[in-house]
Amino acid sequence: MFRRRGDRYVATFAVDEVRVLRKVASEVVGLLTDGFDHTDPVVCRLFPEAYPDDAAGAAEFRRYTEGDLKTAKIDQAGAILAALPGDGGGEVRLDAEAAEAWLRALNDARLAMGVRLEIKDGTDLGEELDDAVAEDPASSRVFQLSVYAYLGYLQESLLNALID
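First, a word on what this report is: a plain description of the structure on this page. (Residues numbered from 1 in each chain as written. Predicted model: local features only at pLDDT ≥ 70, side-chain atom pairs only at ≥ 80, totals over all residues. Heavy atoms only, no water.)

### Observations regarding the layout of surface pockets
Vacant regions in the atomic arrangement are exposed by a probe of water-molecule size rolled over the atoms.
Part 1: Space inside the largest pocket adds up to approximately 390 Å³.
Part 2: In terms of lining residues, the largest pocket is bounded by 15 residues, among which Val 24, Glu 27, Met 113, Arg 116 and Gln 144 are the most central.
Part 3: Counting residues per element, the lining of the largest pocket draws most heavily on helix H1 (residues 15-32), which supplies six residues.
Part 4: By residue class, the composition of the lining of the largest pocket is 11 nonpolar, one polar and three charged.
Part 5: What lines the second largest pocket is Arg 45, Asn 107, Arg 110, Leu 111, Gly 114, Val 115, Glu 118, Ile 119, Lys 120, Asp 121 and Tyr 148.
Part 6: Per-element accounting of the lining of the second largest pocket gives the leading share, five residues, to helix H4 (residues 96-117).
Part 7: In the lining of the second largest pocket, the residues fall into four nonpolar, two polar and five charged. (1 Å grid on protein atoms, 1.4 Å probe; cavity = no way out; pocket = protein on both sides within 12 Å on 5 of 7 lines; lining within 4 Å. Points joined across faces, edges and corners; volume = space filled by probe spheres on them. Helix = DSSP H or I, 4+ residues; strand = E, 2+ residues; numbered from the N terminus. Nonpolar A, V, L, I, M, F, W, Y, C, P; charged D, E, K, R; others polar.)

### Observations concerning the sheet that holds strand S2 (residues 8-13)
Neighbouring strands of a sheet are bound in pairs by backbone hydrogen bonds; such pairs are parallel or else antiparallel.
Part 1: One open sheet holds the three strands; their spatial order is S1-S2-S3, and the pairing between them is antiparallel. Since the sheet does not close on itself, it has two edges, and those belong to strand S1 (3-5) and strand S3 (90-94), each with one partner. Between one strand axis and the next, the sheet turns through 35° on average, direction left out of account.
Part 2: Inspection of the sheet shows S1 paired to S2 by three bridges, in the antiparallel sense. By the bridge assignment for S2, Arg 3 is matched with Val 10. (Pairing = 2+ DSSP bridges. Axes fitted to C-alpha atoms, helices over the stretch in contact; angles between N-to-C directions.)

### Structural notes on the packing of aromatic side chains
Part 1: Following the criterion strictly, the structure yields five aromatic pairs and no others.
Part 2: Residues Tyr 51 and Phe 61 carry aromatic rings whose centres are separated by 5.9 Å and whose planes lie at 85° to one another, so their mutual orientation is edge-to-face. In this pair, Tyr 51 is assigned in the loop between helix H2 (41-46) and helix H3 (55-83) and Phe 61 in helix H3, connecting sequence segments 10 residues apart.
Part 3: Directly above the ring of Phe 36 sits Lys 70, whose terminal nitrogen or CZ lies 3.8 Å from the centroid.
Part 4: In this arrangement the basic side chain of Lys 73 is found over the ring face of Phe 47, its NZ or CZ atom lying 5.7 Å from the centre. (Phe/Tyr/Trp six-rings, centres within 6.5 Å; stacked < 30°, edge-to-face > 60°. Lys NZ or Arg CZ within 6 Å of the ring centre and 35° of its normal.)

As structure tokens, then:
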């Protein structure tokens, strides 16, 4: 998908891919703004406790770092939104800085989806998808697992282009 072209990282996206990426990035922004709730397991995954055994230390650390970290995560998701074609599919061209922002935003999106889908270390995604299809091929879980897998593919593609 992504390939290096000079000092840019380029990929062509179909209309549906643009829609999915726009929705995923927008949901991350929404989670970090309007829906920001420290009791939400997704927020806990994106902002893990720095000192799990020291509540006071963790709260102090969060007080000094959370605002900047949240802003950075919103900006990174915004980098995806800004680079996507406006209407329909099309080409995305990223410089190195935007590519790094995309990688971090894709990672955040995958972490968030992983929590919601209850993906754990060692989960066989292919097996999960096969089970979901067998249960109900038209289910939202099949779609969500497919998006999760697609984001992983996209992230790997961009990472490989960066290190080539």
